[in-house]
Amino acid sequence: MCGIVGLFIKDKALEPRLGELTAGMLATMCERGPDSAGSAVYGASKAGEAKITLQSPEPDEDFKTLAKVIEGEIGGKVKLDVKSTHAVLLCKDDQIDAIRKAIREKFPRVRIMGVGESIEIYKEVGYPTEVAKQFDLVHMKGTHAIGHTRMATESAVTTLGA
């Protein structure tokens, strides 16, 4: 059994509360899926920029040097925002393919969870309210979000399965 929540903000004044409202909705679904959770948050985007959400089982080690290594590989600037086991890499949209290749070659443990102009994807094993805290969901802003809780019935409880 699992649970799904979604929120589409139509009032611009409420966009700063997207994460708070989504986290509250996700909390009500805990009993439908207590072993893992995830969320996709659609925030602000800028023309020509992209977001690549990454996940690592060893974030302290992998994310420590990732931005610098990627910059060396692509010959351009990137920004890395680390949130626990995940990180969002901000880059120019024409650098995505080169960055994907560099991540596969230089950081084989790091998984690409999502790529887009405005989407950030977070998922992890744990009770849904704890997963929301782990990624500071309550402070995320944007126009819409989707959340999911999972109770594994046939497969292992893993980050990838979350």
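To start, this report covers the structure provided alongside it. Bear in mind that the values here come from a model prediction, so they are computed numbers and not experimental data.

In the structure shown here, the tally under the stated rule is eight salt bridges. For Arg17, the salt bridge is made with Glu20, and the minimal N-O distance between the two is 3.1 Å. Residue classification places Glu20 among the partly exposed residues on the basis of a relative accessible area of 37%. The closest approach of N and O atoms between Glu61 and Arg109, which form a salt bridge, is 3.2 Å. Note that Glu61 is positioned in helix 2 (residues 59–74) and Arg109 in the loop between helix 3 (96–106) and strand 6 (111–116), a separation of 48 residues in sequence. Three or more residues joined by partner-sharing salt bridges are found here, namely Glu61, Asp62 and Arg109.

Assignment of secondary structure puts Glu120 in strand 7 (residues 119–125). The exposure class assigned to Glu120 is buried, which follows from its relative accessible area of 14%. One polar contact links Glu120 to Lys51, side chain to side chain, over a distance of 2.9 Å. Aside from chain neighbours lying at most four places away, what touches Glu120 is Ser39, Ala40, Val41, Lys51, Thr53, Lys83 and Val88.

It is worth spelling out the layout of surface pockets at this point. Of the voids in this model, the largest pocket is the one considered here, and its volume is about 410 Å³. Every residue lining the largest pocket is counted, 16 residues in all, and those nearest its centre are Gly43, Ala44, Lys51, Glu120 and Lys141. Elements with a minimum of two residues in the lining of the largest pocket: strand 4 (79–83) and strand 5 (86–92). In terms of residue count, the dominant contributor to the lining of the largest pocket is strand 4 (three residues).

A full pass over the atoms with the stated rule returns one cavity of 30 Å³ or more. For the largest cavity, the calculated volume is near 50 Å³. In this structure, the largest cavity is lined by Leu26, Ala37, Gly38, Ser39, Tyr122, Val131, Ala132, Phe135, Leu137 and Met140. Secondary structure elements with two or more residues in the lining of the largest cavity: strand 2 (36–42) and helix 4 (128–134). The element best represented in the lining of the largest cavity is strand 2, accounting for three residues.

Definitions and cut-offs
Residues numbered from 1 in each chain as written. Predicted model: local features only at pLDDT ≥ 70, side-chain atom pairs only at ≥ 80, totals over all residues. Heavy atoms only, no water. Salt bridge = Lys/Arg side-chain N within 4 Å of Asp/Glu carboxyl O. Buried < 20%, exposed > 50% of the residue type's maximum accessible area, 1.4 Å probe, protein only. Helix = DSSP H or I, 4+ residues; strand = E, 2+ residues; numbered from the N terminus. Polar contact = N/O pair within 3.5 Å; in protein donor to acceptor, adjacent residues only side chain to side chain. Contact = heavy atoms within 4.5 Å. 1 Å grid on protein atoms, 1.4 Å probe; cavity = no way out; pocket = protein on both sides within 12 Å on 5 of 7 lines; lining within 4 Å. Points joined across faces, edges and corners; volume = space filled by probe spheres on them.

Take it as geometry only, folks, not as evidence of what the structure does.
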